[in-house]
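Structural characterization, general
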Amino acid sequence: MQPDHSNGMAQGYPAAAPLRGNPYAPQPTPQSTGGVGGVSDGNAPGFEVLTHMLLRTLQNWPTLPQIAVPSDDDAPVLQVLSVKKMTGAEGQNNPTDRHRFIVSDGVHYAQAMIATHLNELIFSQAFSKNNLIRLRGLKSNFVNEKRVLIITDCVPMSHGAGHLPRLGWPIMEIGNLPTSLPPTFDPARATAVATQIIERFSSTAGVPGAGLPSQQAVENGGMAGAAPQYRPPAPQQPAPQQPAPSPYAQQSPYQGSMGGAQQGTSRMQAGPGGMSSSSSSSTEAPAVVLPIRALTPYQQKWTIRASVVQKSEIRTFTNKNGEGKLFSVIFADESGEIRATGFGDTVTMFYDMLIEGHVYFVSMASVKVAKKQFSGAVQNEYEMTFESRTSIMPCNDSIHTAIRFERVMLSDLMSREKDATIDVLGVVKEVQDVSHFVSKTTNKPLVKRDILIVDESRYSVRTTLWGRQAETFVTESSDPHPVVLVKGVRVGDFGGRSLSCAGGSTVLINPDIPDAHRVRGWYDSPEGPGGAQVELMTYSMSGIVSASATGSFGASGMGGGAGGKDFKTFAKVDEDGLGHNEKPDYFSVRGATVCIVRDKSLYYPACQSQDCNKKVIETDSGWRCEKCAKYYPAPLYRYIASALFCDFTGQQWVQLFNESAEVLFGKTADELNKIMEENEDAFKAYLHEIYFRQFNMRVRAKAEVYNGESRVRLTCTTLEPINYAAGAHELVELINAFGV
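What you see is a predicted model; the values in this text were computed from it and never measured.

Basis of the calculations
Residues numbered from 1 in each chain as written. Predicted model: local features only at pLDDT ≥ 70, side-chain atom pairs only at ≥ 80, totals over all residues. Heavy atoms only, no water. Phe/Tyr/Trp six-rings, centres within 6.5 Å; stacked < 30°, edge-to-face > 60°. Helix = DSSP H or I, 4+ residues; strand = E, 2+ residues; numbered from the N terminus. Buried < 20%, exposed > 50% of the residue type's maximum accessible area, 1.4 Å probe, protein only. Lys NZ or Arg CZ within 6 Å of the ring centre and 35° of its normal. Arc of directions from axis to C-beta. Contact = heavy atoms within 4.5 Å. Pairing = 2+ DSSP bridges. Axes fitted to C-alpha atoms, helices over the stretch in contact; angles between N-to-C directions. Salt bridge = Lys/Arg side-chain N within 4 Å of Asp/Glu carboxyl O. Core = buried A, V, L, I, M, F, W, Y, C linked by side-chain atoms within 4.5 Å. Polar contact = N/O pair within 3.5 Å; in protein donor to acceptor, adjacent residues only side chain to side chain.

Okay, the packing of aromatic side chains next. Tallied over the entire structure, the rule returns 9 aromatic pairs. An angle of 55 degrees between the planes, with centres 5.2 Å apart, marks the rings of Phe350 and Phe386 as tilted. One end of the pair, Phe350, is in helix H7 (residues 345–350); the other, Phe386, is in the loop between strand S15 (382–385) and strand S16 (391–395), with 36 residues separating them in the sequence. When sorted by exposure, Phe350 lands in the same class as Phe386, which is buried. Where Trp522 meets Tyr523, the ring centres are 6.4 Å apart and the plane angle is 65 degrees; that geometry is what we call edge-to-face. The same class applies to Trp522 as to Tyr523, namely buried. Grouped by ring-pair contacts, the aromatic residues Phe327, Phe331, Phe350, Tyr351 and Phe386 constitute a single cluster. Lys311 extends its terminal NZ or CZ atom over the ring of Tyr351, reaching a point 4.1 Å from the ring centre. Arg598 extends its terminal NZ or CZ atom over the ring of Trp653, reaching a point 4.0 Å from the ring centre.

What follows deals with helix H10 (residues 514–524). Every buried residue belonging to H10 is among Ala516, Val519, Arg520, Trp522 and Tyr523, and all of these are buried. Around the axis of H10, the buried residues are gathered within 160 degrees of arc, so they sit on the same side. Each element contacted by the buried residues of H10 is listed here: strand S17 (421–431), strand S19 (445–454) and strand S21 (483–492).

Attention shifts here to the sheet that holds strand S29 (residues 630–632). Read across the open sheet, the 3 strands follow the order S27-S28-S29; overall the sheet is antiparallel. Whereas interior strands pair on both sides, the edge strands pair on one side only; in this sheet they are strand S27 (617–619) and S29. The sheet shows a mean angle of 40 degrees between the axes of neighbouring strands, taken without regard to direction. Direction of pairing for strand S28 (residues 622–625) relative to S29: antiparallel, over a ladder of 3 bridges. Looking across to S29, one finds that Trp623 is bridged to Tyr632.

Glancing now at the pattern of salt bridges. Side-chain pairs of opposite charge can arise whenever the charged atoms involved come near each other. Counted by the stated rule, this structure contains 19 salt bridges. The shortest N-O distance in the salt bridge between Arg200 and Asp74 comes to 3.7 Å. Placement of the pair is Arg200 in helix H4 (residues 187–201) and Asp74 in the loop between strand S1 (66–68) and strand S2 (77–85), with a sequence separation of 126 residues. The class for Arg200 is exposed, based on a relative accessible area of 54%. The closest approach of N and O atoms between Arg407 and Glu456, which form a salt bridge, is 2.5 Å. In this pair, Arg407 sits in the loop between S16 and S17 while Glu456 sits in the loop between S19 and strand S20 (460–466), placing the two residues 49 residues apart along the sequence. Via salt bridges that share partners, Arg305, Glu334 and Asp397 belong to a single interconnected network.

Before going further, it helps to examine the nonpolar core. Counting residues in hydrophobic clusters, the biggest one holds 40 residues, and the most contacted among them are Leu602, Phe645, Phe665, Leu672 and Met697. Not counting chain neighbours up to four residues away, the residues in contact with Leu672 comprise Leu602, Tyr603, Tyr639, Phe665, Phe683, Tyr686 and Leu687.

What follows is about the pairing of strand S3 (residues 99–104). In terms of burial, S3 is largely enclosed, as 6 of its 6 residues are buried. The alternating pattern of S3 places His99, Phe101 and Val103 on one face and Arg100, Ile102 and Ser104 on the opposite face, and all of these are buried. The pairing of S2 with S3 spans 6 bridges and is antiparallel. The residue bridging Gln79 from the neighbouring strand is Ser104, located in S3. Inspection of the sheet shows S3 paired to strand S4 (residues 109–114) by 6 bridges, in the antiparallel sense. Of the residues in S4, the one forming a bridge with Val103 is Ala110. Counting the residues in the hairpin turn of S3 and S4 gives 4 residues, including Gly106, whose phi is positive at 90 degrees.

Our next topic: helix H15 (residues 680–690). Taken together, the buried positions of H15 are occupied by Phe683, Tyr686, Leu687 and Ile690. Summarising the axial view, the buried residues of H15 lie within an arc of 100 degrees, below the 170-degree limit, and thus occupy one face. Facing away from the buried surface of H15 by more than 90 degrees, the exposed residues are Asp681 and His688. Buried residues along H15 sit against strand S25 (585–597), strand S26 (603–606), helix H13 (658–665) and helix H14 (669–678). The residue sitting at the N-terminus of H15 and contributing the capping side-chain oxygen is Asn679; that oxygen lies 3.0 Å from the backbone nitrogen of Asp681.

On to the environment of Met409, then. Positionally, Met409 belongs in the loop between S16 and S17. On the accessibility criterion, Met409 (24% relative accessible area) is partly exposed. Measuring from C-alpha to C-alpha, the distance between Met409 and Gly426 comes to 8.8 Å, with 17 residues separating the pair along the chain. Apart from the residues lying within four places of it in its own chain, the contact partners of Met409 are Asp455, Glu456 and Ser457.

Moving on, we get to the environment of Ile399. Of note, Ile399 is situated in the loop between S16 and S17. A C-alpha to C-alpha distance of 10.0 Å links Ile399 and Gly357, two positions 42 residues apart in sequence. Sequence-distant contacts of Ile399, defined by excluding residues within four places in its chain, comprise Arg305, Ala306, Ser307, Ala332, Asp333, Glu334 and Val359.

With respect to the element layout, Gly467 can be found in helix H9 (residues 467–472). It is 9.9 Å that separates the C-alpha atoms of Gly467 and Pro445, two residues lying 22 residues apart in sequence. Apart from the residues within four sequence positions on either side, Gly467 is in contact with Glu313 and Val447.

As structure tokens, this is what we get:
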């Protein structure tokens with residue numbers, strides 16, 4: 001006979017419905033008694049009052065049941081852990097406000113929406129924290145591909161907050177069980193009881209009991225098949241606590257090819273080289289396979305089946321703990337993509353094993369919030385980190401990977417700020433040879449390759465590939481004009497606008513996506529560059545010009561560009577109030593003439609360390625960098641010059657840093673400093689030779705406050721000599737545009 005708590009609860013909660021024993025709860029036993037989380041303590045309700053395993057059974061149900069319980073005596077019991085207003089102003093009660101519950105069955109907890117016609121009970125505090133409710137009506141639906149429970153009818157069993165503790169040991173992970181459950185708790189029996197409730201009081205598309213689980217599935221805490229029959233557990237033999245399938249298991253796109261769980265399959269353990277030490281076949285599917293989109297940091301046991309879309313080079317780094325190494329891969333499946341990074345020993349374990357285009361089972365890696373500065377190209381708010389316990393097993397299946405990107409047309413690059421990260425798609429029109437050079441700042445060898453990309457907007461842009469991407473680009477495709485999708489490419493202002501692949505960029509050649517087929521069709525059509533001589537536009541220092549005027553890679557040629565939409569004269573800087581906005585203003589100047597160069601503080605002694613341009617101080621032990629805490633025998637001089645430029649409307653002082661100043665002086669700062677140390681008169685004479693030279697320049701304007709006064713500082717971001725031939729072509733186009 002079920003315990004009856006109605007007498008004990010009548011005095012504590014006089015306004016509530018009578019508290020009768022849960023008709024579905026097991027009988028209390030001496031081993032499971034206790035005040036908090038156990039069974040009853042005096043007249044207080046305990047763990048046995050709740051309808052255990054109901055939430056997991058609802059989440060795993062293969063269809064969307066609608067439950068309607070005709071009487072309170074038959075209604076399952078849940079505990080309200082919290083109530084939160086989703087819409088409406090705080091402190092005001094409106095009948096149309098929406099509220100969200102977190103409800104518990106003692107084993108699991110889940111979120112649920114509550115129908116608005118029950119708002120009066122919320123306003124009367126009938127659903128206060130830790131109160132018990134009898135669930136009379138419930139619907140479920142899919143929202144953003146997740147199952148959402150909607151409470152349509154319920155009866156409060158207790159009023160007033162603070163009288164009850166949290167009952168049981170509920171956890172959020174539907175696929176797991178709490179570790180603190182009483183030894184007599186039988187998950188198979190509880191699942192069978194919850195299944196009987198749904199079978200008895202639910203209907204799916206008007207058919208009562210449709211899509212019910214099989215008996216075998218119920219005994220294992222799972223779902224699928226026909227209606228179960230309750231069988232009590234064997235005496236003195238607690239049932240093993242086996243995790244139920246993930247709530248995503250019924251939705252997983254891999255379910256058809258996986259074939260379900262294999263009983264007796266050993267748990268994967270990472271062995272040498274990251275391979276599983278299990279005796280299972282490498283192609284045998286794990287018990288639960290999640291789509292990548294379902295991964296969160298809150299899951300403990302999971303496995304994904306994904307293809308390696310891209311693998312980076314092994315990179316080294318130095319920090320306070322010393323030197324280290326890392327690499328990253330991008331996994332993708334039908335649902336999405338995720339970036340995974342390996343450090344230290346995991347580089348040795350997994351780097352050679354992971355091959356682009358191959359499919360793997362991956363489990364027991366750490367999942368955390370993604371750092372967008374490193375994984376900006378990947379459309380996922382989380383990322384993975386390989387650990388020593390991580391298991392990676394080859395899979396012989398082939399999968400269709402979902403490629404997620406936010407395409408930006410090449411004609412819209414001017415609307416994107418410098419250093420912005422974007423995704424572009426286009427056809428490779430031309431490819432330059434690989435170039436090898438040594439970085440002037442780090443003295444490290446670098447490899448790069450420039451390619452020219454065009455798209456349907458009839459714009460072209462120079463895109464720079466670095467490292468292994470530059471070396472292998474041609475060999476990755478025999479097509480001389482492949483379609484490329486570049487994700488996470490950085491916008492630069494070299495030559496007006498250019499693109500550069502950063503460390504986290506992804507380059508996909510001939511991806512099988514609709515946009516790629518569309519741009520290929522345009523390119524090969526008679527109206528495209530592949531079928532006829534089509535006029536393409538490109539970017540230059542002075543704005544947008546015809547590609548025929550500058551050549552294919554002529555963005556750096558910087559012609560006259562009279563049609564540039566951001567072309568300004570020096571007089572316009574003051575007239576238009578440039579630099580006084582919240583963000584810096586960028587503009588181009590054509591034919592700027594050098595009038596004066598300040599010969600004082602042209603350059604400074606800088607640190608030679610990578611990514612460190614701090615000023616160094618000369619000491620008895622050498623040149624010391626305070627930031628790096630290192631000494632060097634000699635500094636690396638870097639420009640920080642200031643020059644007066646003029647055009648036909650006025651003049652402006654412009655600051656030039658190392659890259660643009662090297663173009664102005666035609667020498668590095670080290671070379672110019674050597675001239676000054678050897679012969680100061682020769683140094684001054686060399687500076688005078690620069691006067692009255694003309695350049696095209698890209699300028700950044702931003703107001704700064706100095707001694708309480710606001711001044712606009714102009715900084716040259718790009719400086720290049722004038723290409724007179726390109727300028728003549730632009731003037732011809734301008735004349736033709738006006739019909740002269």
